[in-house]
Amino acid sequence: MISLTGITKIYTVGTQRVAALNGVDLEIEDGEFLSIMGPSGSGKSTLMNIIGCLDRQTEGDYMLDGVNVRRLVDNQLAMLRNRRLGFVFQSFNLLPRMSAIDQVALPLLYRGATNRKRAAAAALKLVGLEDRMDHKPTQLSGGQQQRVAIARSLVTRPAIILADEPTGALDSKTSMDVMAVFRSLNEELGITIAFVTHEHDVAYYTRRIISLLDGKVVGDERNVPSFERDGDETAHAPAAPASIAEAPS
Amino acid sequence: MTLADVLGTALASLRSNILRTLLTMLGIVIGIAAVITLTAASEGAQQGVGDQIRGLGSNLLFIRPGLEETDGIQLPGSGVSLFLEDSRAIEKANFEYIDAIAAQGTVGGPGDFIGAQAIYLGQNKSTMLLATEPSYPFVRDFYVDNGRFLTEEDLTKKSLVVVLGGDVADDLFDTEDPVGKTIRISVGAGPISIGFNFTVVGVMERRGASANTDQDDVIIVPMPTLQARISLIRDPRGRTNIDQINIKLKNRDEIDQAKEEIGQLLMALHAVDSPDFRIQSQSDILDTATQVERSLQVLVVSIALISLFVGGIGIMNIMLVSVTERTREIGIRKAIGAKRMDILWQFLIESIVVTTMGGALGVLAGVGATEIAERFNIGGDTQYVITPLWIMVGFAVAAITGLFAGVYPAWQASRLDPIEALRHE
Ligand SMILES: Nc1ncnc2c1ncn2[C@@H]1O[C@H](COP(=O)(O)OP(=O)(O)O)[C@@H](O)[C@H]1O
Ligand SMILES: [Mg+2]
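Keep in mind it's a predicted model, so treat the numbers as computed, not measured. (Residues numbered from 1 in each chain as written. Chains lettered and ligands numbered in written order. Predicted model: local features only at pLDDT ≥ 70, side-chain atom pairs only at ≥ 80, totals over all residues. Heavy atoms only, no water.)

**With respect to the pattern of salt bridges**
- Across all of its chains, the model carries 30 salt bridges over all chains by this definition.
- A salt bridge links D131(A) to R132(A); the nearest nitrogen and oxygen atoms lie 3.2 Å apart.
- One salt bridge in this structure joins R206(B) and D216(B), with 3.7 Å as the shortest N-O distance. Here R206(B) is found in the loop between β10 (192–204) and β11 (218–222), whereas its partner D216(B) is found in the loop between β10 and β11, with 10 residues between them in sequence.
- With relative accessibility at 3%, the residue D216(B) sits in the buried group.
- One network of salt bridges, with partners in common, ties together E32(A), R208(A), D220(A) and R222(A). (Salt bridge = Lys/Arg side-chain N within 4 Å of Asp/Glu carboxyl O. Helix = DSSP H or I, 4+ residues; strand = E, 2+ residues; numbered from the N terminus. Buried < 20%, exposed > 50% of the residue type's maximum accessible area, 1.4 Å probe, protein only.)

What follows is the structure, given as structure tokens:
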């Protein structure tokens, strides 16, 4: 469970102070499937980075599963990023020259886990890439690269996966494939999914839509996801891969 | 992360950019190869010179002129201060500890502006003439292998006979037996030269090269013959310049006494207060040679270490560039849970692995270069002796270089803020 109160992020560029976040209060329950919308520069990425423990707020408190993140030192944050959180970026952020399976196994390496290849292979299977294990990023399409990144974010079985415009670099058909993967992770593994988007199609695919403007939350609505609405064309999104039962220890 | 994981990560990263890895290594490879080759050469030279000097015999004394050369060129008459007459005087003094004496003078040796040529049936060889006495083989423990050596009769008659060194015999006669044949020897400086016909009476056994002269590349002639025929070796007062008096003592315990008494005698003869000659025993020569070799080795090792140091700076530079270039990679690794130490170790181990592999390649290259140098006789007859010590020193220095070159870049990498690093580009 995530609880933000009065989160402020101020950047100082030269003599200018820019408030990227200006007192954000937000609660996210376990198992939610939500999106964050807002115009460019409204602070979406800043918020995601703080929730993802990649960045620190200037003011306010961030409680993650009852722990005040502000009090944690570097190594503890690294551990949180490794075990509790998964992050997916708009630009995929895969390591160049590394095969898909090795990319996906990487978080497990930093965790000191054994049987890494097996878990990585299972994660790749979850995102439907079992036949692309040895491909390097340059040998994969954009959608496939993003699915590798998703596999990497989920291989440690995190409680929360955060994605900053995960479909921003993809066409609409591929976007829906990726969304379907997220949905199955949410529904079948109970992973909390929160992602930033500025596409309404993508936002309507989630159960909660939060709107940001100038660093403030200006809207927070429940939504009936498009795939549950009859007659909506986006409901034809491909079904999620069936078996997600096999979990790495 | 276990050490195996860190190593695996470093190796994977090095493998993913082979060219950069090899270029990074190059400085270390060359540095270590230089250390191995240069120390092998200097070690070999040291051992070789040591062996040859020890081979001289421990109860020998050598007397040489004090000022025999200027810039490596012998200047006849100027400052030369050893004469055949000195040798005779020592003999006459009848020191009871002297076993035998042989004076020697040379023409056409290394650094001599007078050249000597031997000719036989169109075969031509430039060599050194060594004028000496019948006692020479006994004193120097260097005997005739075929035929005979010079006799007293050769001296009194100033006979035109010669004994050839092994190399000269081979070069002029190939498989033919030289004994009894006549060769022509011409001695000269620039356009002026004089030639004589000599009969070969013997061939010396093989000795090998010494520090600066090849003892097999020599033609031995009777002292009076050379005296009579070549005016250049006579000084204005009619004395005969010689290069060296070899004295064989009965007992090595009397070396110090002999040096003292013979020195006094020569100073009296030359009417000087301080010696204008040098008296050296085998161990004196060994000491000097060892000292020279030591300082040479210090020089050689310093050069090699400097080149290693430069290689190390090169590695540090590449590692720093690599940290900047891989900032995004570092950000990604941190985003998925790499701790500071994980990043620090990754870069540090990468650096150490590069230099250690460079060290290994350098050892191979150095051993290879040494083999080639030996096979193709680069550096003349220099022997190369590769010592395990220097291989270990090379490795250790390589690894330490990697450690030092890697620490700062690795620390920089580990300190990067994840979000800053991800934004990089
Ligand atoms: N590193 C930074 N330094 C200075 N200002 C920044 C930095 N990152 C973001 N900002 C500013 O913060 C505001 C919010 O940025 P961001 O969170 O990236 O918005 P969004 O993702 O919604 O487009 C913008 O006005 C941006 O200029
Ligand atoms: Mg953004």
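**Let's talk about the site of ligand 1**
- Close to ligand 1 lie Y11(A), V13(A), A20(A), P39(A), S40(A), G41(A), S42(A), G43(A), K44(A), S45(A), T46(A) and R423(B).
- The environment around ligand 1 is built from residues contributed by chains A and B.
- Note that an oxygen atom of ligand 1 is positioned 2.7 Å from one of the backbone N or O atoms of G41(A).
- The backbone of K44(A) places a nitrogen or oxygen atom 2.9 Å from an oxygen atom of ligand 1.
- Protein chains bury 68% of the 560 Å² of accessible surface belonging to ligand 1 in isolation.
- The set of elements that each furnish at least two residues to the shell around ligand 1 consists of β1 (2–13) and α1 (44–51) of chain A.
- It is α1(A) that provides the largest number of residues to the shell around ligand 1, a total of 3 residues. (Near = heavy atom within 4 Å. Polar contact = N/O pair within 3.5 Å; in protein donor to acceptor, adjacent residues only side chain to side chain. Areas by Shrake-Rupley, 256 points an atom, 1.4 Å probe, with all protein chains shown as cover.)

**Here we look at the pairing of strand β5 (residues 115–120) of chain B**
Residues and elements named next belong to chain B.
- Taking every second residue as pointing to the same face, the buried face of β5 carries A116, A118 and Y120, while none of G115, Q117 and I119 on the other face is buried.
- Sheet topology places β5 next to strand β9 (residues 182–189); 5 bridges connect them, and they run antiparallel. The residue bridging Q117 from the neighbouring strand is S186, located in β9.
- Bridging between β5 and strand β6 (residues 123–132) involves 5 bridges; their strand directions are antiparallel. Paired with A118 across the bridge in β6 is K125. (Pairing = 2+ DSSP bridges.)

**Brief notes about a nonpolar patch on the surface**
Residue and element names in this part refer to chain B.
- A contiguous nonpolar patch, built from L3, L7, L11 and M357 and spanning about 330 Å² of accessible area, is present on the exposed surface.
- Within the secondary structure layout, L7 lies in helix α1 (residues 3–16).
- Owing to a relative accessible area of 34%, L7 belongs among the partly exposed residues under this scheme. (Patch = residues over 30% accessible without salt bridge, like charges linked within 9 Å, V, L, I, M, F, W, Y side chains within 5 Å.)

**Side note on the environment of L403(B)**
Residues and elements named next belong to chain B.
- Mapped onto the elements, L403 comes out in helix α12 (residues 388–415).
- L403 sits in the partly exposed class, given a relative accessible area of 34%.
- For L403 and G312, which are 91 residues apart along the polypeptide, the C-alpha to C-alpha distance reads 9.5 Å.
- Discounting chain neighbours no more than four positions away, the residues touching L403 are L348 and I352. (Contact = heavy atoms within 4.5 Å.)

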